[in-house]
Amino acid sequence: MRTELQFSTQDLALTRFAVSPMQEVVTSLRALACSPVPALHRRWAGLVRGRLAAMVPPDGHLPDFLNPAPAGCSTTLAEELAVITATGAEQVRADLDVLAAEAGGRLPAALTALHRDPSGQLPRLAAEIEAYWELALAPYWARIRALLAADVFHRSRQAAEHGPARMLDDLHETVRWDGTALRLERRHCAVTRLTAGAGLLLVPSAFAWPRVLTRVLPPDPPQLVYPARGTAALWEERPGSAARTDALAAVLGRSRAQLLAELDSPASTTELARRTGLSPAAVSQHLTALRAAGLTSAHRAGHTVLSARTGVGDSLFDTDGQSLDRATPAGRPAR
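Residues numbered from 1 in each chain as written. Predicted model: local features only at pLDDT ≥ 70, side-chain atom pairs only at ≥ 80, totals over all residues. Heavy atoms only, no water.

Student: Can you break down unusual backbone geometry residue by residue, with the values?
Tutor: Going from Trp209 to Pro210, the amide bond is cis rather than trans, its omega being 10°. Relative to the helices and strands, Pro210 is located in the loop between strand 5 (201-205) and strand 6 (213-215). (Helix = DSSP H or I, 4+ residues; strand = E, 2+ residues; numbered from the N terminus.)

Structural data, given as structure tokens:
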């Protein structure tokens, strides 16, 4: 099915990015429910396989109430769970009725109590989500969040350098910007604005690949969840480029070359200290020098400041003139 999301100048002006912990909860549950688990995430799945939610099937409808529109660029799981537990009974039942219809008209037994008494069961569901989060995602959230922040940073820079149209057209192989609308190919359901709010909410996800997910629920703006750049390398060990780092060390010094090599995705001072064995104070001092030289930049993400390589810094590690993105999913060339 092919559909499109009509755009106005106001929509374009109100387009924003957001990182959503709940989106990673839902899409990771869907990945675990697949048989087999997508190859990108099998290493992670082997570590966390266990608790699954009946309301997140491997295909088909995802309950809208599980993915409230993030209020800001970087929301917390607690904030999203508060919105979920306040969901009206009518919305919960409507989502569960769609799941029942897709399952042949019968709601899974695990969801009957939630359908019968949404207000009484939603706090229990929130507790189950928290338990799943602590088991499956919290130990890896720093890595996942850095991946998502790197995607937002890349696309923000892309929009600044080439314009929003180029950024929108580059989100996914099934998404195309034609000047007046986003055209979405191979959709299992139509996407229509109806009375949804203006703008567009773009949400990168580590677990959405290979799909693009949509949510259009008034009065929220339409939500487009797309696979973040770099997902294929998310669970890889970081081998680094030893030869290039050694060469840079002769010019920059060993510690600064090592830090620059680690910034293939944005990271905080604390995370860089953990990876390199340097003290946080030393990391901060070296990052200041690298920033002054134009090799790195700093960006606030919620309460955390992330450092990232600039284009100049990237060029020092680009040995063959091609993009440094090691993890553009198969089927879509890097641009």
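There's more to say after this.
Student: Requested: an account of the sheet that holds strand 6, with residues and values cited.
Tutor: Across the sheet, which stays open at both edges, the 4 strands sit in the order 2-5-7-6 with mixed pairing between neighbours. Since the sheet does not close on itself, it has two edges, and those belong to strand 2 (16-17) and strand 6, each with one partner. With 3 bridges joining them, strand 6 and strand 7 (residues 223-227) adopt antiparallel strand pairing. Across the sheet, Thr214 pairs through a bridge with Leu224, a residue of strand 7. Lying on the sheet, helix 2 (residues 21-33) is in contact with strand 5, strand 6 and strand 7; it crosses strand 5 at an angle near 50°. Across the sheet, helix 8 (residues 141-162) lies against strand 2, strand 5 and strand 7, angled at about 135° from strand 5, the strand it touches most. (Pairing = 2+ DSSP bridges. Contact = heavy atoms within 4.5 Å. Axes fitted to C-alpha atoms, helices over the stretch in contact; angles between N-to-C directions.)

Student: Provide a residue-level description of the pairing of strand 7, including the pertinent values.
Tutor: Most of strand 7 sits out of view: 5 of its 5 residues are buried. Here strand 7 shows two buried faces, one formed by Gln223, Val225 and Pro227 and the other by Leu224 and Tyr226. As paired elements, strand 5 and strand 7 share 5 bridges and run parallel to each other. Bridge pairing in strand 7 places Val203 opposite Val225. (Buried < 20%, exposed > 50% of the residue type's maximum accessible area, 1.4 Å probe, protein only.)

Student: Please provide a residue-by-residue account of the packing of helix 12 (residues 269-276) against helix 13 (residues 280-292), values included.
Tutor: Two elements in contact, helix 12 and helix 13, have axes separated by 9 Å at closest approach and are oriented at 110°. Accordingly, the angle class assigned to the pair helix 12 and helix 13 is roughly perpendicular. Note that helix 12 runs across helix 13; the crossing there is right-handed. Taking contact as the criterion, the partners of Thr269, Leu272, Ala273 and Thr276 in helix 12 are, on helix 13, Pro280, Val283, Ser284 and Leu287. (Parallel < 35°, antiparallel > 145°, perpendicular 65-115°, else oblique. Left-handed = near helix turned anticlockwise from the far one by under 90°.)

Student: Tell me about the pattern of salt bridges, residues and numbers included.
Tutor: All told, the structure shown has 7 salt bridges when counted by the stated rule. Arg274 is paired through a salt bridge with Glu271; the nearest N and O atoms lie 2.7 Å apart. Placement of both Arg274 and Glu271 in helix 12 is noted, with a separation of 3 residues, approximately one turn of the helix. In this structure Arg274 comes out as exposed when scored by relative accessible area, which is 60%. Accessibility expressed as a relative area gives 18% for Glu271, which makes it buried. (Salt bridge = Lys/Arg side-chain N within 4 Å of Asp/Glu carboxyl O.)

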